[in-house]
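Descriptive analysis of the structure
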Amino acid sequence: MQVNRAVADKIQLEEYIKHAQEDILTRIAQATEAVRAGKDELARTALNLKKQAEASLKDYQNQLKEQTQALQDLQENLRILTDKLSKAKAERDNLIMCQRRAATMKKANEVISGITGNDPLSNIDRFKDKVERTEAEAKATSVMVTQPSEDPFVELEHAKAEQDIEMELAELKKERDRGSLSDI
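Just so you know, these numbers come straight off a predicted model, no measurement behind them. (Residues numbered from 1 in each chain as written. Predicted model: local features only at pLDDT ≥ 70, side-chain atom pairs only at ≥ 80, totals over all residues. Heavy atoms only, no water.)

In terms of helices and strands, the chain carries four helices and zero strands. Moving toward the C terminus, one meets the helices and strands of the chain in the order α-α-α-α. Sequence-distant contacts, at least 24 apart, represent 76% of the contacts inside the chain between residues at least 6 apart. For the chain, the exposed surface amounts to about 14500 Å²; the carbon and sulfur share of it is 58%. (Helix = DSSP H or I, 4+ residues; strand = E, 2+ residues; numbered from the N terminus. Contact = heavy atoms within 4.5 Å. Areas by Shrake-Rupley, 256 points an atom, 1.4 Å probe, with all protein chains shown as cover.)

Okay, the nonpolar core next. If you look at the biggest cluster of nonpolar residues, it comprises seven residues: Leu 13, Ile 17, Ala 20, Ile 24, Ala 53, Leu 57 and Leu 64. Only α1 (2-36) and α2 (40-116) provide two or more residues apiece to this core. Broken down by element, this core gets its largest block of residues, four residues, from α1. Setting aside residues no more than four positions away along its own chain, Leu 13 makes contact with Tyr 60, Gln 63, Leu 64 and Gln 67. (Core = buried A, V, L, I, M, F, W, Y, C linked by side-chain atoms within 4.5 Å. Buried < 20%, exposed > 50% of the residue type's maximum accessible area, 1.4 Å probe, protein only.)

Residues Asp 125, Asp 129, Glu 132 and Glu 135 make up a contiguous surface patch of negative charge. Looking at where Asp 125 falls in the secondary structure, it is placed in helix α3 (residues 120-146). With a relative accessible area of 44%, Asp 125 lands in the partly exposed category. (Patch = residues over 30% accessible without salt bridge, like charges linked within 9 Å, V, L, I, M, F, W, Y side chains within 5 Å. Salt bridge = Lys/Arg side-chain N within 4 Å of Asp/Glu carboxyl O. Lys, Arg positive; Asp, Glu negative; His and termini not counted. Charge placed at Lys NZ, Arg CZ, Asp CG, Glu CD.)

Turning our attention to α1. Between the first and last C-alpha of α1 there are 51 Å, a value that for 35 residues agrees with the 51 Å anticipated at 1.5 Å per step. Those residues of α1 lying buried are Val 3, Ala 6, Asp 9, Leu 13, Ile 17, Ala 20, Ile 24, Ala 31 and Ala 34. Backbone geometry just after α1 places Gly 38 at a positive phi near 80 degrees. (Expected span 1.5 Å × (residues − 1).)

Using the criterion set out here, one finds 11 salt bridges in the structure. When salt bridges that share partners are traced, they join Glu 76, Arg 79 and Asp 83 into one network.

We now examine the packing of aromatic side chains. Within this structure, the stated rule accounts for one aromatic pair. Taking the centre distance of 5.1 Å and the plane angle of 40 degrees together, the rings of Tyr 16 and Tyr 60 count as tilted. Of the two residues, Tyr 16 sits in helix α1 while Tyr 60 sits in helix α2, which places them 44 residues apart along the sequence. The exposure class of Tyr 60 is partly exposed, given its relative accessible area of 22%. (Phe/Tyr/Trp six-rings, centres within 6.5 Å; stacked < 30°, edge-to-face > 60°.)

Moving on, we get to the environment of Leu 71. Positionally, Leu 71 belongs in helix α2. The exposure class assigned to Leu 71 is buried, which follows from its relative accessible area of 8%. The sequence separation of Leu 71 and Asn 4 amounts to 67 residues, and the corresponding C-alpha distance is 9.2 Å. Dropping the residues within four chain positions of it, Leu 71 is found in contact with Val 3, Ala 6, Val 7 and Lys 10.

Inspection of the secondary structure assignment puts Thr 45 in helix α2. Its relative accessible area of 37% is what places Thr 45 among the partly exposed residues. Considered as a pair, Thr 45 and Arg 27 are 18 residues apart in the sequence and their alpha carbons are 9.0 Å apart.

Printed below as a string of structure tokens:
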């Protein structure tokens with residue numbers, strides 16, 4: 001699952017940050033020791049390596065910030081998807097119950113109409129019931145068609161999440177064009 005992968009990447013970045021911080025401290029100690037020993041060239045090398053570790057640390061910290069945001073976005077999208085799925089299941093269950101109730105009522109009406117026989121007045125009553133039922137179904141269908149399919153706030157959240165993803169993608173492309181994008 002994408003969320004698990006994002007969490008694993010975040011943990012890995014945190015490890016990289018820890019190692020970079022340790023490397024910086026090691027390089028400072030090496031530079032200090034080289035200066036004490038009078039080996040300026042060795043001290044310069046240690047300071048150069050410290051600078052590289054600091055640059056890596058900054059890059060890792062930026063990546064961690066972006067990864068944390070991406071993880072939050074993934075979790076929010078998962079929550080929204082779970083909510084939509086729950087609503088769809090509830091609506092499905094409701095429709096099944098309505099269909100069962102309608103089928104039961106239809107059978108009951110068929111039994112009653114069979115008892116009454118072929119009386120001309122009962123034919124009119126059955127026809128009237130059939131027309132009313134058809135009108136009720138048409139009205140119900142109309143109500144279902146005119147009702148909004150989703151909560152408008154969910155659509156706004158979805159649009160925001162998509163916009164965040166597009167912004168992140170644009171940022172990654174900028175980093176790639178600058179040549180600073182590393183494998184994530």
